[in-house]
Amino acid sequence: MISVQGLGVTFGHGSSGFQAVADLSFEVERGESFGLVGESGSGKTTVLRAIAGLIPGVSGRLTVAGETLGPKRSKRFRHLVQMVFQDPFGSLHPRHTVDQILSEPARIHRMNDIKNRVLRALEEVGLDSSFRFRYPHQVSGGQRQRIAVARALIIEPEIVLLDEPTSALDVSVQAEVLNLLNHMKRERGLTYMLVSHDLAVVSHMCDRLVVMQHGRLVETLAIEQLRNFTPAHPYTSQLLRASEGYDRAAVETLEDDL
Amino acid sequence: MNETPILSIEDLHVTFPTPKGDVRAVRGVSFDLGREKLGIVGESGSGKSQTGRAILGLIAGRGIVHAKRMEFDGIDLRNASAQTLRAIRGNRISMIMQDPKYSLNPVITVGRQIEEAYLVHTRAAKAEARERAMEMLKAVRIRNPERVYDAYPHEVSGGMGQRIMIAMMMIPEPDIIIADEPTSALDVTVQMQVLAILDDMVTQRGMALIFISHDLNLVASFCDRVLIMYAGQVMEVREARDLHNAEHPYTRGLLECLPRIDAHGESLAVLQRDPAWADLQ
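Now for a look at the structure at hand. (Residues numbered from 1 in each chain as written. Chains lettered and ligands numbered in written order. Predicted model: local features only at pLDDT ≥ 70, side-chain atom pairs only at ≥ 80, totals over all residues.)

**Quick word on the overall build of chain A**
Right, so step 1: Scanning chain A for helices and strands turns up 10 helices and 10 strands.
Right, so step 2: In summary, chain A has a C-alpha radius of gyration of 19 Å against a globular reference of 18 Å for 258 residues, a match within 12%.
Right, so step 3: Overall, chain A is about 55 × 40 × 35 Å in size when its C-alpha atoms are taken along their principal axes.
Right, so step 4: Within the span of chain A, comprising 258 residues, buried residues form 41% of the whole. (Helix = DSSP H or I, 4+ residues; strand = E, 2+ residues; numbered from the N terminus. Rg over C-alpha atoms; globule rule 2.2 N^0.38 Å. Buried ≥ 20, exposed ≤ 12 C-beta atoms within 10 Å, placed from the backbone.)

**Section: the interface of chain A and chain B**
Right, so step 1: Each partner contributes residues to the interface: chain A has 27 residues there, and chain B has 30 residues.
Right, so step 2: Of all elements in the fold, only helix 6 (171–188), helix 7 (199–205), helix 8 (223–227), helix 9 (234–242) and helix 10 (248–251) of chain A reach the threshold of two or more residues within the side of chain A that touches chain B.
Right, so step 3: At 7 residues, the largest contribution of residues to the side of chain A that touches chain B is made by helix 6 of chain A.
Right, so step 4: By residue class, the composition of the side of chain A that touches chain B is 12 nonpolar, 9 polar and 6 charged. (Contact = placed C-beta atoms within 7 Å. Nonpolar A, V, L, I, M, F, W, Y, C, P; charged D, E, K, R; others polar.)

**Considerations on the sheet that holds strand 10 (residues 225–230) of chain B**
Residues and elements named next belong to chain B.
Right, so step 1: Strand order in the open sheet formed by 6 strands is 7-8-9-3-10-11, with mixed pairing between adjacent strands. The sheet terminates laterally at strand 7 (93–96) and strand 11 (233–239), the two strands that pair on one side only. Direction aside, neighbouring strands of the sheet carry axes that sit 20 degrees apart on average.
Right, so step 2: Alignment of strand 8 (residues 176–180) against strand 9 (residues 208–213), held across 5 bridges, turns out to be parallel. (Pairing = 2+ DSSP bridges. Axes fitted to C-alpha atoms, helices over the stretch in contact; angles between N-to-C directions.)

**Comments concerning the environment of Gly12 of chain A**
Right, so step 1: Within the secondary structure, Gly12 of chain A is located in the loop between strand 1 (2–11) and strand 2 (18–28).
Right, so step 2: Separated by 45 residues in the primary sequence, Gly12 of chain A and Gly57 of chain A have C-alpha atoms spaced 8.0 Å apart.

**Quick notes on helix 1 (residues 44–52) of chain A**
Residues and elements named next belong to chain A.
Right, so step 1: Summarising burial for helix 1: 8 of the 9 residues are buried, a large majority.
Right, so step 2: Of the positions making up helix 1, those classed as buried are Lys44, Thr45, Thr46, Val47, Leu48, Ala50, Ile51 and Ala52.
Right, so step 3: Positive phi shows up at Gly53, right after helix 1, with a value of about 80 degrees.

**A word on the sheet that holds strand 8 (residues 191–196) of chain A**
Residue and element names in this part refer to chain A.
Right, so step 1: Overall, mixed pairing links the 6 strands, which are arranged 6-7-8-3-9-10 in an open sheet. The open sheet has two free edges, formed respectively by strand 6 (81–84) and strand 10 (216–222), since each of these has just one partner strand. Neighbour to neighbour, the strand axes of the sheet diverge by 20 degrees on average, direction disregarded.
Right, so step 2: Pairing between strand 3 (residues 33–37) and strand 8: 5 bridges, direction parallel. Within strand 8, the position partnered with Val37 by the bridge is Ser196.
Right, so step 3: The sheet strands contacting helix 5 (residues 141–153) are strand 6 and strand 7 (159–163), and the helix crosses strand 6 at an angle near 175 degrees.

**Examining the nonpolar core**
Right, so step 1: Residues Leu161, Met193 and Leu209 of chain A together with Ala167, Ile176, Ile210 and Val219 of chain B are the most contacted members of the largest nonpolar core, which totals 153 residues.
Right, so step 2: The element best represented in this core is helix 7 (residues 158–170) of chain B, accounting for 8 residues.
Right, so step 3: Ignoring anything within four residues of it in the chain, the contact list for Leu209 of chain A reads Phe34, Gly35, Leu36, Val37, Val202, Leu221, Ile223 and Leu226 of chain A. (Core = buried A, V, L, I, M, F, W, Y, C linked by C-beta atoms within 7 Å.)

**Things to note about helix 4 (residues 110–121) of chain B**
All names here are of chain B.
Right, so step 1: Val110, Gly111, Ile114, Glu115, Ala117 and Tyr118 are the residues of helix 4 that are buried. Each buried residue of helix 4 sits inside an arc of 150 degrees when the element is viewed along its axis, so together they form one side.
Right, so step 2: The inward-facing, buried residues of helix 4 abut helix 5 (126–139), helix 6 (145–149) and helix 7. (Arc of directions from axis to C-beta.)

Next up, the structure:
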């Protein structure tokens, strides 16, 4: 469904250029949940933005659903691929009502019966019709992220790119949003690419994952390797150890450069 | 905890009057703090940060603080003069904030900021302050203290910035450190290293630590004792290592809705909030 071959992303030009992602390759199957894991600055979000076509400086070969991607994304691509961002406060227009937010993508893609689509999209993410004419500041953080999910799904995409969709939420709200995402995936047979720094979230959501560090691929893991704590690479083992809670003795075994 | 507490709080209330009525952020919190690591956990809006801030008299704007007792080492913090509070703040009780990016002065070098924290509270000479600042940088395990001393905050990483904050807060050797989500902005491995530094300071120098966090697993593994807060009240107090046997339905609900690395459930338990939890106890 998604094929990434030798992906590179450079910010800036010439000697001051910064190589954020280098020589990255992986394949995502149809209907799979694929995780991208790494610490801050590892380039995981940059990979997602490169696929979505949101940043310049991308090299390598990207193929999505048989279409080789050029510098500009086609309308077909945008119908196929949608994205949910990390910060529900920053990603919804503060002066648009929920109705405007949800109907805009449907209008762009020339869909009919927009009003009913909006109502159905709200219902699917567990919000009733009373939310339709509210502004983003009038709903809670979790409800806002539900609206962002509804906006991504209203045009019936096949692939959803999820960039830390729950890291700004309380754990109880995180559980609701993760359940919603899993439910929608089962209903519609979606393909997910999930970026997260939280190994527990990735373990819960994904079938396979890649671990990144300093813009490069560390390893590709089947989810069982993560759940059984048997990764191949020492960097992944260290991430796992550090994610297990505080242990004074284990801290001494952490190394800065693996 | 079998010694006299260094800090004793009884029936603490923090209220913010608004045109739409009072917002009661903290409602009747009581606890004693010994030479220990006390965790305060809760979700956003539970009042955990306001509890920490109220101790230091750092409630913003029109907020009103009320308590039956707020006693630090024999000093009544409720009616303490601004002068008394200034002598306590930073010197005997200090606070580490979440994000070093906003808590460090961007136009003063790191070394001078740490020195300043020392000079404000002692009548030491400049040279001595510099020496102490260097020692502190080494104590928080910064490998190249000379370089970091002359660096500006934007030239250091987030983990380094948080170590610098800790160095700054530790230099007057306070009795209590209040750390409000000190590691939430950091990567997991750096987070563990920063916690180890705090842990060692508490054990080696006999300080007390109030550790405010939303992360139950972290608090359970790091602290000695935990207060669980909801809607401005303490729901439950437990030994940290015993947190996973918590009895209160709110604590249980929070623990159960966490995804786990080693388990794959089809769906996560969803926290059902009982309105009775928010009733005044």
